[in-house]
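Chain and residue survey
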Amino acid sequence: MRINWYRSSSIFNFCTMICKNRNCKAEFEPIYRNGIIVSRYCIPCLSKKGKEKQDKDWKKEKAIIRDNIKTKSDYMRELQRTFNKYIRLRDKGKPCISCGRPLREKYDAGHCFSVGAYPNLRFNEDNVHGQCVACNQHKHGNVTEYTINLPKRIGYERYGALLDKRKDPKNYTISDLKELLETYKRMNNELERLRTD
Ligand SMILES: [Zn+2]
Ligand SMILES: [Zn+2]
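Residues numbered from 1 in each chain as written. Chains lettered and ligands numbered in written order. Predicted model: local features only at pLDDT ≥ 70, side-chain atom pairs only at ≥ 80, totals over all residues.

The secondary structure content of the chain amounts to 8 helices and 6 strands. Each helix and strand of the chain, ordered N terminal to C terminal, gives the series α-α-β-β-β-β-α-α-β-β-α-α-α-α. A compact globule built from 197 residues should have a C-alpha radius of gyration of about 16 Å, whereas the chain, at 30 Å, is more than 25% larger. Taken over the C-alpha atoms alone, the chain extends approximately 90 × 35 × 30 Å along its principal axes. Counting contacts in the chain only where the partners sit at least 6 residues apart, residues at least 24 apart contribute 63% of the total. (Helix = DSSP H or I, 4+ residues; strand = E, 2+ residues; numbered from the N terminus. Rg over C-alpha atoms; globule rule 2.2 N^0.38 Å. Contact = placed C-beta atoms within 7 Å.)

In structure tokens, the structure reads:
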């Protein structure tokens, strides 16, 4: 008690401090609470910091709200975009899976077994490969050539396994989709980092 009284006495209250903000460095009279200086920043800087923190917290909260209202099809769309990007990064420099021409700047991630007929193979890496726009978009995936070239690309064993997997039921839950999304985002970052190194 005595110490508190002593610390909050007028001697200490008249001391000034230099604001900790390097761009400010204003001299100010610190505020004490229970004998301890409340802040090493001057009042204007302190309120600015408070505002910045509020903005940051709100941004975080907004991201959480946005996440909570996302539907399964939102996740599906986002994952498809991220997964396709992964396929394009993985197959950069390889020829088109169907026609064998070199892939140019713009190319697609094409499915061998279509998403419509085999939704369970939608995110199967062996089922999706870099494909030129002509084959993917103008020749409906150029499936005949795709089917001939795919076993050569991934090997007959994996091709056989892929054929077997066509029968597997697959119902993606939101948490499956979220997990896959995180995985592919991480892999894309890694591949992009390696490419720019
Ligand atoms: Zn200041
Ligand atoms: Zn092609």
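With that settled, consider the confidence of the model for the chain. When pLDDT is averaged along the chain, the result is 89, and 92% of the positions lie at 70 or above. A low-confidence stretch, residues 1-11 stays under pLDDT 50, and its non-local contacts, those more than four residues away or across chains, total 7 contacts. (pLDDT = per-residue confidence, 0-100.)

Next up on the list: unusual backbone geometry. The phi torsion at Asn34 lies on the positive side, around 50°, for a residue other than glycine. With respect to the element layout, Asn34 can be found in the loop between strand 3 (32-33) and strand 4 (36-37). Of note in this structure, Asn142 is not a glycine but carries a positive phi near 40°. One can find Asn142 in the loop between helix 5 (133-138) and helix 6 (143-154). Since 20 C-beta atoms lie within 10 Å of it, Asn142 is described here as buried. (Buried ≥ 20, exposed ≤ 12 C-beta atoms within 10 Å, placed from the backbone.)

A few words on the domain arrangement of the chain. Under the domain assignment, the chain is made up of domain 1 (7-42) and domain 2 (87-170). The straight-line distance from the C-alpha centre of domain 1 to that of domain 2 is 67 Å. (Domains from an automatic or database assignment.)

Turning our attention to the packing of helix 6 against helix 7 (residues 156-165). For any two helices packed against each other, one specifies the inter-axial angle together with the distance between the axes. The N-to-C vectors of helix 6 and helix 7 enclose an angle of 125°; their axes lie 6 Å apart at closest approach. One finds that helix 6 runs oblique with respect to helix 7. Only Tyr156, Arg158 and Tyr159 of helix 7 make contact with helix 6, whose side of the interface consists of Leu150, Pro151 and Ile154. Tallied by class, residues from the contact of helix 6 with helix 7 come to 5 nonpolar, no polar and 1 charged. (Axes fitted to C-alpha atoms, helices over the stretch in contact; angles between N-to-C directions. Parallel < 35°, antiparallel > 145°, perpendicular 65-115°, else oblique. Nonpolar A, V, L, I, M, F, W, Y, C, P; charged D, E, K, R; others polar.)

Another point: the pairing of strand 5 (residues 107-111). Burial within strand 5 is extensive, with 5 of its 5 residues counted as buried. Strand direction decides the pairing type here: strand 5 and strand 6 (residues 128-132), joined by 5 bridges, are antiparallel. For Tyr107, the partnering residue across the bridge sits in strand 6 and is Cys132. (Pairing = 2+ DSSP bridges.)

Take helix 4 (residues 72-90) next. Between the first and last C-alpha of helix 4 there are 26 Å, a value that for 19 residues agrees with the 27 Å anticipated at 1.5 Å per step. All of the buried residues along helix 4 are Tyr75, Leu79, Phe83, Tyr86, Ile87 and Arg88. Where the residues of helix 4 are buried, they touch strand 5, strand 6 and helix 8 (174-196). (Expected span 1.5 Å × (residues − 1).)

Glancing now at the environment of Pro30. With respect to the helices and strands, Pro30 occurs in the loop between strand 2 (27-28) and strand 3. A count of 17 C-beta atoms within 10 Å places Pro30 in the partly exposed class. Distance from Pro30 to Cys15, taken between C-alpha atoms, is 7.6 Å for residues 15 residues apart in sequence. Dropping the residues within four chain positions of it, Pro30 is found in contact with Met17 and Ile37.

Let's shift gears to the packing of helix 4 against helix 8. Packing of helix 4 against helix 8 leaves a shortest axis separation of 9 Å and a crossing angle of 30°. Classified by the interaxial angle, the pair formed by helix 4 and helix 8 is roughly parallel. Crossing handedness for the pair helix 4 and helix 8: left-handed. Contacts from Lys72, Tyr75, Met76, Glu78, Leu79, Thr82, Phe83, Lys85, Tyr86 and Leu89 in helix 4 reach Ile174, Leu177, Lys178, Leu180, Leu181, Tyr184, Lys185, Met187, Asn188, Leu191 and Glu192 in helix 8. When its residues are assigned to classes, the contact of helix 4 with helix 8 shows 13 nonpolar, 2 polar and 6 charged. (Left-handed = near helix turned anticlockwise from the far one by under 90°.)

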